[in-house]
Amino acid sequence: SAQKETLEFQAEVSQVLDLVIRSLYSNKEIFLRELISNASDAAEKLRFESLTDSSLFEDDPELRVRVLVDKDAGTVTVSDNGIGLSRQEVVETIGSIASSGTRRFVEALKDRQGGASRSDSGSDQGGNKDAATDGTLIGQFGVGFYSAFIVADKVTLISRRAGLSAEHGVCWESDGRGSYTLETVEKAGRGTDVILHLKDEEKEFADDWRLRSVISKFSDHIAVPVEMLKQDFRGDEEKEKDADKDKAPEFERVNTGQALWMRNKSDISDDDYKSFYKHISHDFEEPLAWAHNRVEGTNEYTTLLFVPKRAPWDMWDRDQKHGVKLYVRRVFIMDEADKLMPHYLRFVKGVVDSNDLPLNVSREILQHNRKIDTIRGANVKRVLSLLESMAKDEPDHYKTFWKEFGRVIKEGPAEDYANRERIAGLLRFSTTVGEGDEQDTSLDTYIERMKEGQDKIYYITADSPAAARHSPHLEMFRKKEVEVLLLSDRVDEWLVSNLHEYKGKHLQSVTKGELDLGEIGAKEEKEKTEQAAKEHEDLFKRLKEALGDRVDAVRASSRLVDSPACIVVGEHDMSANLARVLKSVGQ
Ligand code: ADP
Ligand code: MG
């Protein structure tokens, strides 16, 4: 239907819009990065679809993005000849937020803003930092398009899907206040024009040089050419002479468009890497570390992988997006290539560019591809050694890393059996040595501190750091000064049920089975226990009768010092803590 209709935004959209505008206020210029990144995505999508249907190129095969300024009208237009959107697609992608995580995102943002306004009395610094965090959230959430409303009070989007005819264009328009209009229009060229009607106070963006500098700051690496009108340095008089000649305007490329990962390492500065990271991750923070490698031979590929400084808000979402993009010979193939990185390294961002995969590779092909498996294996090794050297050479960075991603890494030994020893080397724990709850002791440090004669790594799991630290099971260990790892993250039970030893040392729960402190305990302990068992035989018998089937046995033990009694589970039984965890998730 050609008639103009007015539609309401989904409730979430209005909420998100409101928050986007407020929280990105100090990073206004990113609107251009977001729109150019969408335009470039649209170009990549067209390139990909045209592999199987070359008619989509129509008579316009040179993909590009154009940024146009109209100073008098106060508008900035980002125009692409990419895949475009049908009317239905506009309603689905621009008028609503399909993601199930929306609600949580809005909540997360509100929590942070609540926190910010409480703590931000007088300190501008703090406020900006929170805004930056919100910006990070927004980038990861992908409300990029709405960032247009940071600088515009009206946005018009005119689009035509490649493959549809000219009369199937669609015009979407909104002031970002709850509703939008939709109209079928004619559009000769395929692709999308996004026209920003700048707010009065944002008119500074209707300026050629301002836009050029923003583009080279944020979008220089975009592979698709980003063009602006060619600068005309001639005097007014000369220009006027030419004006009536009515020739097509000339454009020039503004971004270098170099695929950074294809350049030689020695030609790339740290700043180049950092800005590339920000570009692909939509993060405001710098990365903690990166690894750039080229592999030659029968399976040729290049990888550039980054470890972020901060965990994304949706790291615990079941369907959290993976951050590695797959390219084949510089052509973008897909985002969220989860076959390139295991789940426990899902925070890693970056690029894999293969020389050997077919261009029309699909998710299905990726599932069973030997080359992909090899790349994935190598990716894991690279990230692990990146983390190993960070732990060794940049302990402060590693601390930050562990705080943000430690609980994810703990999923590693279960998922990646082959690398479990290396992953275990990266783990950090809080222990009975030291006071705080900070997880800062490695298994290697633990082993160095082991008592003479000790051959096991002892740990306790509990549902909080305090419960772990104050467990009566630790009494004997304290007395003998044997260190015990205090595990209270949810994932810890999962970890210890998959990690049974490290460097030949068995991991042993202090709450399970027969506790044998071996040579560490003096012989007299054993004698005392045997004596107690004899002396109190009657008591133990009566207790067992009273408790009946609820216990296997009642016996004397040397594991306690101050407490009179404790409950112990069998070596192969589920720990009491795991039982609690399972119960709490309804198992
Ligand atoms: P994201 O890019 O993370 O998906 P955005 O809010 O930036 O989130 O864009 C939302 C969606 O709108 C995109 O996924 C895409 O489907 C559509 N879109 C936005 N801009 C364009 C464009 N220039 N061409 C085609 N589709 C677009
Ligand atoms: Mg986007």
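Rules behind the numbers
Residues numbered from 1 in each chain as written. Chains lettered and ligands numbered in written order. Predicted model: local features only at pLDDT ≥ 70, side-chain atom pairs only at ≥ 80, totals over all residues. Heavy atoms only, no water. Helix = DSSP H or I, 4+ residues; strand = E, 2+ residues; numbered from the N terminus. Buried < 20%, exposed > 50% of the residue type's maximum accessible area, 1.4 Å probe, protein only. Contact = heavy atoms within 4.5 Å. Areas by Shrake-Rupley, 256 points an atom, 1.4 Å probe, with all protein chains shown as cover. Axes fitted to C-alpha atoms, helices over the stretch in contact; angles between N-to-C directions. Parallel < 35°, antiparallel > 145°, perpendicular 65-115°, else oblique. Left-handed = near helix turned anticlockwise from the far one by under 90°. Nonpolar A, V, L, I, M, F, W, Y, C, P; charged D, E, K, R; others polar. Patch = residues over 30% accessible without salt bridge, like charges linked within 9 Å, V, L, I, M, F, W, Y side chains within 5 Å. Salt bridge = Lys/Arg side-chain N within 4 Å of Asp/Glu carboxyl O. Core = buried A, V, L, I, M, F, W, Y, C linked by side-chain atoms within 4.5 Å. Pairing = 2+ DSSP bridges. Lys, Arg positive; Asp, Glu negative; His and termini not counted. Charge placed at Lys NZ, Arg CZ, Asp CG, Glu CD. Phe/Tyr/Trp six-rings, centres within 6.5 Å; stacked < 30°, edge-to-face > 60°. Lys NZ or Arg CZ within 6 Å of the ring centre and 35° of its normal.

A. Examining the overall build of the chain more closely. Scanning the chain from N- to C-terminus turns up 21 helices and 19 strands. Burial status across the chain gives 48% buried among its 587 residues. A separation threshold of at least 6 residues defines the contact pool for the chain, and within that pool the share at least 24 residues apart is 73%. About 29700 Å² of surface is accessible on the chain, with carbon and sulfur atoms providing 47% of the total.

B. View of the packing of helix α2 (residues 30-50) against helix α7 (residues 208-218). Where α2 contacts α7, the axes come no closer than 9 Å and their chain directions differ by 65 degrees. Looking at the two axes, α2 sits roughly perpendicular to α7. For the pair α2 and α7, the crossing hand works out as right-handed. Contact residues: α2 offers Ile 30, Leu 32, Arg 33 and Ile 36, while α7 offers Leu 211, Val 214, Ile 215 and Phe 218. Of the residues assigned to the contact of α2 with α7, the class counts are seven nonpolar, no polar and one charged.

C. How the structure looks around the environment of Asn 379. Tracing the backbone shows Asn 379 in helix α11 (residues 370-393). Accessibility expressed as a relative area gives 0% for Asn 379, which makes it buried. C-alpha separation for the pair Asn 379 and Thr 303, spaced 76 residues apart in sequence, amounts to 7.9 Å. Leaving out residues up to four positions away in the same chain, Asn 379 has contacts with Thr 303, Leu 305, Leu 340, Met 341 and Val 352.

D. Geometry of a nonpolar patch on the surface. Taken together, Leu 539, Leu 543 and Leu 547 make up a surface patch of nonpolar side chains, about 220 Å² in accessible area. Here Leu 539 is to be found in helix α20 (residues 537-547).

E. Up close: the nonpolar core. Leu 326, Leu 345, Phe 347, Leu 387, Phe 401 and Ile 409 are the most contacted members of the largest nonpolar core, which has 65 residues in total. Looking at this core, the element that brings in the most residues is α11, giving nine residues. Sequence-distant contacts of Leu 345, defined by excluding residues within four places in its chain, comprise Val 380, Val 383 and Ile 409. Among the nonpolar cores identified, the runner-up in size contains 55 residues, and Leu 35, Ala 42, Val 224 and Val 254 belong to it.

F. Up close: the sheet that holds strand β18 (residues 501-502). The five strands are arranged β15-β17-β16-β19-β18 in an open sheet whose pairing can be described as mixed. Across the chains shown, the open sheet's two edge strands, defined by having one partner strand only, are β15 (430-431) and β18. Taken together, the two bridges between β15 and strand β17 (residues 485-487) define a ladder with antiparallel strand orientation. Paired with Thr 431 across the two strands is Leu 485, which belongs to β17.

G. Focus on the packing of α11 against helix α12 (residues 395-409). Their axes nearest at 8 Å, the elements α11 and α12 cross at an angle of 135 degrees. In terms of orientation, α11 and α12 fall into the oblique class. When you trace α11 past α12, the crossing you get is left-handed. Here Leu 387, Met 390, Ala 391, Lys 392 and Asp 393 of α11 lie close against α12, whose contacting residues are Pro 395, His 397, Tyr 398, Phe 401 and Ile 409.

H. A negative patch on the surface, seen in detail. Among the surface-exposed residues, Asp 236, Glu 237, Glu 238 and Glu 240 lie close enough to one another that they form a single negatively charged patch. Its place among the elements puts Glu 237 in helix α8 (residues 236-243).

I. Quick peek at the packing of aromatic side chains. Under the criterion given, the structure shown has 18 aromatic pairs. Judged by centre distance (5.2 Å) and plane angle (85 degrees), the ring pair of Phe 31 and Phe 205 falls under edge-to-face. Of the two residues, Phe 31 sits in helix α2 while Phe 205 sits in the loop between β7 (191-198) and α7, which places them 174 residues apart along the sequence. The interplanar angle of 65 degrees and the centroid separation of 5.6 Å between the aromatic rings of Phe 347 and Phe 401 together place this pair among those described as edge-to-face. In this pair, Phe 347 sits in the loop between β13 (331-334) and β14 (349-354) while Phe 401 sits in helix α12, placing the two residues 54 residues apart along the sequence. Residue classification places Phe 347 among the buried positions, given a relative accessible area of 1%. Using a relative accessible area of 0% as the deciding quantity, one classes Phe 401 as buried. An aromatic cluster is built from Trp 261, Tyr 273, Phe 276, Tyr 277, Trp 290, Phe 306 and Tyr 327, whose rings are joined through pairwise contacts. The ring of Phe 251 carries the charged tip of Arg 66 above its face, separated from the ring centre by 3.8 Å. Over the aromatic face of Trp 209 sits the side chain of Arg 212, whose NZ or CZ is 5.4 Å from the ring centroid.

J. Structural detail: unusual backbone geometry. Its identity as a non-glycine residue notwithstanding, Glu 58 has a phi of 50 degrees, on the positive side. With respect to the helices and strands, the residue Glu 58 is situated in the loop between α2 and β2 (65-70). Since its relative accessible area comes to 37%, Glu 58 is described here as partly exposed. Here the phi dihedral of Glu 481 falls at roughly 55 degrees; this positive angle occurs in a residue that is not glycine. For Glu 481, the location among the structural elements is in the loop between α17 (475-479) and β17. The class for Glu 481 is exposed, based on a relative accessible area of 59%.

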